[in-house]
Amino acid sequence: MEYLNRRMKTLRRQPDFNFHPKCEKLNVTHLGFADDLLFFCRGDPISVRMIYECFQEFSKSSGLAANTEKISIYFGGVCREDQEDIMQSLGFTKGELPFRYLGIPLSDKKTSVVQFKPLMDRMLSKITSCTAKFLSYAGRVQLIKSVLFSIQIFWSQVFVLPKKVVQLIESLCRRFLWTGGTEISKKALIAWDRLCHPKSAGGLGLLDIYAWNMAAICKHLWNVCGKKERLWIKWVRAYYIKHGRVWDARVDRASWVVRKILNAKEVFEQAGCNEMQVTQMITFSTKGMYCKIRGEFQKVIWKRLICNNLGAPRWVFILYIAIHERLLTKDRFAKWKHVDDLKCPMCNNEDESINHLFFQYCYSATVWDRILGWQDINRKSMGWHDEMRWVVRYGQEKSDTASMYRLTLAGCLYCIWQERNMKLFQHKRRTSEIL
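Please read all numbers here as calculations on a predicted model, not as lab measurements.

Each value, and the rule that gives it
Residues numbered from 1 in each chain as written. Predicted model: local features only at pLDDT ≥ 70, side-chain atom pairs only at ≥ 80, totals over all residues. Heavy atoms only, no water. Helix = DSSP H or I, 4+ residues; strand = E, 2+ residues; numbered from the N terminus. Rg over C-alpha atoms; globule rule 2.2 N^0.38 Å. Buried < 20%, exposed > 50% of the residue type's maximum accessible area, 1.4 Å probe, protein only. Areas by Shrake-Rupley, 256 points an atom, 1.4 Å probe, with all protein chains shown as cover. Lys, Arg positive; Asp, Glu negative; His and termini not counted. Charge placed at Lys NZ, Arg CZ, Asp CG, Glu CD. Core = buried A, V, L, I, M, F, W, Y, C linked by side-chain atoms within 4.5 Å. Expected span 1.5 Å × (residues − 1). Contact = heavy atoms within 4.5 Å. Pairing = 2+ DSSP bridges. Salt bridge = Lys/Arg side-chain N within 4 Å of Asp/Glu carboxyl O. Axes fitted to C-alpha atoms, helices over the stretch in contact; angles between N-to-C directions. Parallel < 35°, antiparallel > 145°, perpendicular 65-115°, else oblique. Left-handed = near helix turned anticlockwise from the far one by under 90°. Nonpolar A, V, L, I, M, F, W, Y, C, P; charged D, E, K, R; others polar. Phe/Tyr/Trp six-rings, centres within 6.5 Å; stacked < 30°, edge-to-face > 60°. Patch = residues over 30% accessible without salt bridge, like charges linked within 9 Å, V, L, I, M, F, W, Y side chains within 5 Å.

J.: What should I look at first to understand the overall build of the chain in this one?
T.: The number of helices and strands found in the chain is 20 helices and six strands. The C-alpha atoms of the chain give 31 Å as radius of gyration, which overshoots the globular expectation for 435 residues (22 Å, by more than 25%). If one aligns the C-alpha atoms of the chain with their principal axes, the spans along those axes are about 95 × 45 × 40 Å. Counting all 435 residues of the chain, 43% fall into the buried class. Approximately 24,600 Å² of the chain is accessible, and the part contributed by carbon and sulfur atoms is 52%. Averaging the coordinates of the 68 positive side-chain charges in the chain and doing the same for the 42 negative ones gives two points 3 Å apart.

J.: Could you clarify how one ought to interpret the nonpolar core in this entry?
T.: Generally speaking, soluble globular proteins have nonpolar side chains that are buried together. Formed by 106 residues in total, the largest nonpolar core has its most connected members in Phe268, Phe358 and Leu409. Ranked by size, the runner-up nonpolar core spans 16 residues in total, among them Leu4, Leu11, Ile51 and Cys54.

J.: What's the story with helix H2 (residues 45-62) in this structure? I'm lost.
T.: Because each turn of an α-helix spans 3.6 residues, side chains separated by three or four positions end up pointing in the same direction. If you check H2, its first and last C-alpha atoms are 26 Å apart, about what 18 residues at 1.5 Å a residue would give, namely 26 Å. What H2 keeps buried is the set Ser47, Val48, Met50, Ile51, Cys54, Phe55, Phe58 and Ser59. In the core, the buried residues of H2 are packed alongside helix H1 (2-9), strand S2 (36-39) and helix H3 (80-90). Positive backbone phi, approximately 80°, marks glycine 63, located one or two places after H2.

J.: When you look at the pairing of S2 in this model, what are you seeing that I'm missing?
T.: Summarising the sheet, strand S1 (residues 30-33) and S2 pair through four bridges and their orientation is antiparallel. Of the residues in S2, the one forming a bridge with leucine 31 is leucine 38. Between S1 and S2, which pair antiparallel one after the other, the connecting turn spans two residues, and alanine 34 there sits at a positive phi close to 55°.

J.: Help me understand the pattern of salt bridges, please; the structure alone is not making it clear to me.
T.: Pairs can form between side chains of opposite charge once their charged atoms are near each other. Within the structure shown, the criterion is met by eleven salt bridges. Lysine 234 is paired through a salt bridge with glutamate 229; the nearest N and O atoms lie 3.2 Å apart. Among the ionic pairs, arginine 430 bridges to glutamate 419, the shortest N-O distance being 2.8 Å. One end of the pair, arginine 430, is in the segment after helix H20 (400-426); the other, glutamate 419, is in helix H20, with eleven residues separating them in the sequence. Where salt bridges share partners, they join Arg245, Asp248 and Glu275 into one cluster.

J.: Teacher, can you tell me more about the packing of helix H8 (residues 209-225) against helix H13 (residues 286-294) here?
T.: To characterise two packed helices, one gives the angle between the axes of the helices and the distance between these axes. Running from N to C, H8 and H13 point in directions that differ by 125°, and their axes come no closer than 8 Å. Regarding the angle of H8 to H13, the classification is oblique. Where H8 crosses over H13, the two elements pack in a sense that is right-handed. Residues Ala211, Trp212, Met214, Ala215, Ala216, Cys218 and Lys219 of H8 pack against Thr286, Lys287, Met289, Tyr290, Ile293 and Arg294 of H13. In the contact of H8 with H13, the residues fall into nine nonpolar, one polar and three charged.

J.: Help me understand the packing of helix H4 (residues 117-127) against helix H6 (residues 163-179), please; the structure alone is not making it clear to me.
T.: Running from N to C, H4 and H6 point in directions that differ by 5°, and their axes come no closer than 11 Å. For the element pair H4 / H6, the angle class is roughly parallel. Across from Leu119, Met120, Met123, Leu124 and Ile127 in H4, the residues of H6 making contact are Val165, Leu168, Ile169, Leu172, Cys173 and Phe176. In the contact of H4 with H6, the residues fall into eleven nonpolar, no polar and no charged.

J.: Could you clarify how one ought to interpret the side chain of aspartate 208 in this entry?
T.: Of note, aspartate 208 is situated in the loop between helix H7 (192-195) and H8. Among the residues examined, aspartate 208 registers a relative accessible area of 16% and is labelled buried. Apart from the residues within four sequence positions on either side, aspartate 208 is in contact with Glu170, Cys196, Tyr290 and Arg294.

J.: Would you explain the packing of aromatic side chains in this entry?
T.: Applying the stated rule across the entire model yields 22 aromatic pairs. Where phenylalanine 358 meets tryptophan 384, the ring centres are 5.9 Å apart and the plane angle is 45°; that geometry is what we call tilted. Pair noted here: phenylalanine 358 is in helix H17 (residues 354-360) and tryptophan 384 is in helix H19 (residues 384-394), with a separation of 26 residues, a long-range link. Taken as a pair, phenylalanine 358 and tryptophan 384 share a single burial class, namely buried.

J.: Explain unusual backbone geometry here, please?
T.: Excluding glycine, a negative phi dihedral is what most residues carry, and trans is how most peptide bonds are arranged. Here the amide bond leading from leucine 97 into proline 98 is cis, since omega sits at 0°, within 30 degrees of zero. Turning to its location among the elements, proline 98 is positioned in the loop between strand S4 (93-94) and strand S5 (99-101). Put simply, phenylalanine 358 and phenylalanine 359 share a cis peptide bond, and its omega is 5°. As for its position among the elements, phenylalanine 359 is in helix H17. Residues other than glycine seldom take positive phi values, yet asparagine 27 does so here, at roughly 55°. One non-glycine residue with positive phi stands out, namely histidine 427, at about 55°. Here histidine 427 lies in the segment after H20. The class of histidine 427 is exposed, set by a relative accessible area of 67%.

J.: Looking at this model, I keep getting lost on a positive patch on the surface. Mind explaining?
T.: A cluster of basic side chains, namely Arg6, Lys9, Arg12 and Arg13, defines a positive patch on the protein surface. When you line up the elements, arginine 6 lands in helix H1. Classification of arginine 6 as partly exposed rests on a relative accessible area of 47%.

Pasting the structure below:
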């Protein structure tokens, strides 16, 4: 390849050779990625022929021949007569943009939603797998955090994700979380924006895709300001920034991606950083910028119940939903549609509500009283709201006793809720001693 590089450099001294209009300032004639080569020149038959002859000379010397079935020529701003002349003389086919290269769509225009179909397909394949169908709510949250978001994070490091794509990704993850599938549903117990809050602020710490994408774009702008020794940065500075300031660059005629990167200065300014401060940054943390974009959140008083709970994840998730009073008890379900019978399926006497189910009903009170006694907590069970106030006052310490209380509270709520569902849907019931 070194010989090819030297041979291509000789074209610069040839008066008949014309660089590509967007490559002349950097004298770029070709790029190599693994076993692929990309050649650039102005779309005239003489320049194309000169590049082809250089490659043929390299091929004869090295024994490396190109696969003609995989070679394509891409034109931009070239008249039809010249295109036909070039293709006829070389015998290659004409390529069309956009196309995928190394799994990434390349386009000369703004990337459309259709071009992100591979991203959506990969996420759908994870959701529709046979193992994902049997996950609990907590398991789905973990899959969203570890697998689904990691897929799109890779894309956001390479691309500026359009808002429509971000909305589609969030919609896909939201439907999977609440339904376990991809079907459209309005069954969202808690708003997605709230779930993206930190756990200490009453959320689940899910990633805000739009904010993370903006933070990734800011890293590209930081690279441009720092004059990193990368070809694409040199190219942006040569054609759009020139000898001026990055903040003053005019991007009216730039591509959509370049405009998005250079306009990320507004995000830096909102975070309190000017061009000089960005240029002087030795390192850049995408996560740190993400936190600045998100801003500060007011912490909830019950944060330790979720953040420091040693219970099983599925226990903690039900506790989290119960704290927000979003469990689908009959009184809450009646707010969405008509319910003929509001009676509690456990006692069939009083209307079902969180306050009744936890821990006023005698069955629940008996279970909770025994658990309190096992922990040497000398008091009787109280109503839901009184129990939460007691938790805020005594159950958020760092002691072993407080940790055990948080664990047993989550486990008790989960088991009572599970018992209620068994009674309602399977007509089965266990005694309080068994529970």
